[in-house]
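Okay, here's what each chain looks like letter by letter:
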Amino acid sequence: MRIIKTKNYDEMSRKAANIFFSQIVFKENSVLGLATGSSVLGLYNNLIDGFKIGDLDFSNVITVNLDEYVGLDSENDQSYRYYMNKNLFDHINIKKENTHLPDGLAEDAEAECAKYNKMIEDFGGIDIQLLGLGHNGHIGFNEPDETFIKETHVVTLDESTIKANSRFFADEKDVPRKAMTMGIQNIMQAKKIILCVSGEQKREILKKVMFGEITPKIPGSILQLHPDLTVVADEDALGGAEKFI
Ligand code: GLP
């Protein structure tokens, strides 16, 4: 595990973006595993700036996102497809057909998940996977569970996740109860993983994820076993935990 400790959110975003810069420069047809949420927003802004000043070319880049809510269409401003278009894809020269998220409106969600797994496999896997961290230790929407679920699957969201994500919705009851998410194996098979964590409210869970017991009850803890994990986190989130290493 490599730890990049930053002073604040902006520095975290810039330093994590630097890793993506070099990935795209070294491999122009990289398969990027992308995430949503507030932790990765600053990184996306840096990628957009990199494109605007001519340092980054996304014309051959492929993206696969971690997850999507079940039941929200791409025009719904709370869907992850909408988030990705608004916060990244609409501002860079990526081909929309090269950007992938599970289809939240698929009639057969299980079949959609199987299709998603096959697609990732056909791309030859993910070169670099970006992750945020849920307050309960979830990655993507892999919620605390009795076992690790390997592949893309339909998940019933935790009450704590519904609460945490309700800040983006008009009302808590509007938050979808189900989502589709890449599984732990999909994530762990990525060649590199970048985990971005910011803020004191994530300090406890980040410490458990990085140094605690490896257990499906804290899904992110499995990342300790990844051969190329980089945690990019600010001082508030690390709170001295990096000294454990
Ligand atoms: C959502 C997403 C996760 C994300 C998490 C943390 O639940 N499904 O992929 O990591 O939120 O979000 P934030 O970065 O806003 O704290």
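That block above? That's the structure.
Once a new chain begins, its residue numbering starts again from 1 and follows that chain's sequence as written. Local features in this predicted model are restricted to residues of pLDDT 70 or higher, and side-chain atom pairs are both shown and tallied only at a pLDDT of 80 or more, whereas totals for entire chains, interfaces and linings draw on every residue. Each side-chain value is derived from all of the structure's non-hydrogen atoms; neither hydrogens nor water enter the calculation.

Describing the sheet that holds strand E7 (residues 153-156)
(1) Moving on: Reading across from one edge, E4-E8-E7 is the order of the three strands in this open sheet, with antiparallel pairing throughout. Strand pairing shows two members of the sheet lacking a second neighbour, strand E4 (67-69) and E7, which therefore form its edges. When strand polarity is set aside, the average angle formed by the axes of neighbouring strands in this sheet is 25°.
(2) Moving on: Note: two strands are recorded as paired if DSSP finds a minimum of 2 bridges between them. Starting at the N terminus, helices and strands are each numbered in turn, a helix being any DSSP run of H or I of at least four residues and a strand any DSSP run of E of at least two. Relative to strand E8 (residues 178-181), E4 is paired through three bridges, and the arrangement is antiparallel. Bridge assignment links Asp67 to a residue of E8, and that residue is Thr181.
(3) Moving on: The sheet strands contacting helix H4 (residues 109-122) are E7 and E8, and the helix crosses E7 at an angle near 125°. Axis definition: a line fitted to C-alpha atoms, over the contacting stretch in the case of helices. Angles run 0 to 180 degrees between N-to-C directions. In this analysis, two residues are considered to be in contact whenever any of their non-hydrogen atoms come within 4.5 Å of each other.

Structural notes on the site of the ligand
(1) Moving on: The criterion for a residue being near a molecule or strand is simple. One of its heavy atoms has to lie within 4 Å of it. Residues in contact with the ligand amount to 14 residues; listed here are only the nearest, Ser38, Ser39, Asp67, Arg167 and Lys202.
(2) Moving on: Whenever a nitrogen or oxygen atom comes within 3.5 Å of another N or O atom, the pair is scored as a polar contact, on the condition that within protein one atom can donate a hydrogen and the other can accept it, and that pairs from neighbouring residues in sequence are kept only if both atoms are in side chains. Gly140 has a polar backbone atom sitting 3.3 Å from a nitrogen atom of the ligand.
(3) Moving on: Considering only residue class, the shell around the ligand consists of three nonpolar, eight polar and three charged. In the scheme used here, Gly and all other residues not listed as nonpolar or charged are polar, with Ala, Val, Leu, Ile, Met, Phe, Trp, Tyr, Cys and Pro taken as nonpolar and Asp, Glu, Lys and Arg as charged.

Thoughts on the packing of helix H2 (residues 41-52) against helix H3 (residues 80-87)
(1) Moving on: At their nearest, the axes of H2 and H3 sit 10 Å apart, and the two run at 40° to each other. In terms of orientation, H2 lies oblique with respect to H3. Contact residues: Leu41, Tyr44 and Ile48 in H2; Tyr83, Met84 and Asn87 in H3.
(2) Moving on: Of the residues that constitute the contact of H2 with H3, the class distribution is five nonpolar, one polar and no charged. Relative orientations are named as follows: roughly parallel for angles under 35 degrees, roughly antiparallel for angles over 145 degrees, roughly perpendicular for angles from 65 to 115 degrees, and oblique for any other angle.

Some remarks on the packing of helix H1 (residues 9-26) against H2
(1) Moving on: Following both chains from N to C, one finds H1 and H2 inclined at 55°, their axes separated by 8 Å at the closest point. The angle between H1 and H2 places the two elements in the oblique class. Note on packing geometry: the crossing formed by H1 with H2 is right-handed. Only Leu41, Gly42, Leu43, Asn46, Leu47 and Gly50 of H2 make contact with H1, whose side of the interface consists of Tyr9, Ser13, Arg14, Ala16, Ala17, Phe20 and Phe21.
(2) Moving on: Partitioning the contact of H1 with H2 into residue classes produces eight nonpolar, four polar and one charged. Crossing handedness follows the turn of the near helix against the far one: under a right angle anticlockwise gives a left-handed crossing, and clockwise gives a right-handed one.

Quick notes on the environment of Glu107
(1) Moving on: Here Glu107 lies in the loop between strand E5 (99-100) and H4.
(2) Moving on: Judged by its relative accessible area of 86%, Glu107 falls in the exposed class.
(3) Moving on: For the pair Glu107 and Gly71, spaced 36 residues apart in sequence, the C-alpha separation works out to 9.6 Å. For each residue, the accessible area found with a 1.4 Å probe, counting protein chains only, is set against the maximum for its type, and the residue is called buried under 20%, exposed over 50%, and partly exposed in between.

Some points on helix H7 (residues 203-211)
(1) Moving on: Residues of H7 that are buried: Ile205, Leu206, Val209 and Met210. Axial view of H7: buried residues confined to an arc of 125°, hence all on one face.
(2) Moving on: In the core, the buried residues of H7 are packed alongside strand E1 (2-6), strand E9 (192-197), strand E10 (229-234) and helix H8 (235-238). Of all possible arcs, the one meant is that of the directions from the helix axis to the C-beta atoms.

Read these as spatial facts, not as claims about activity.
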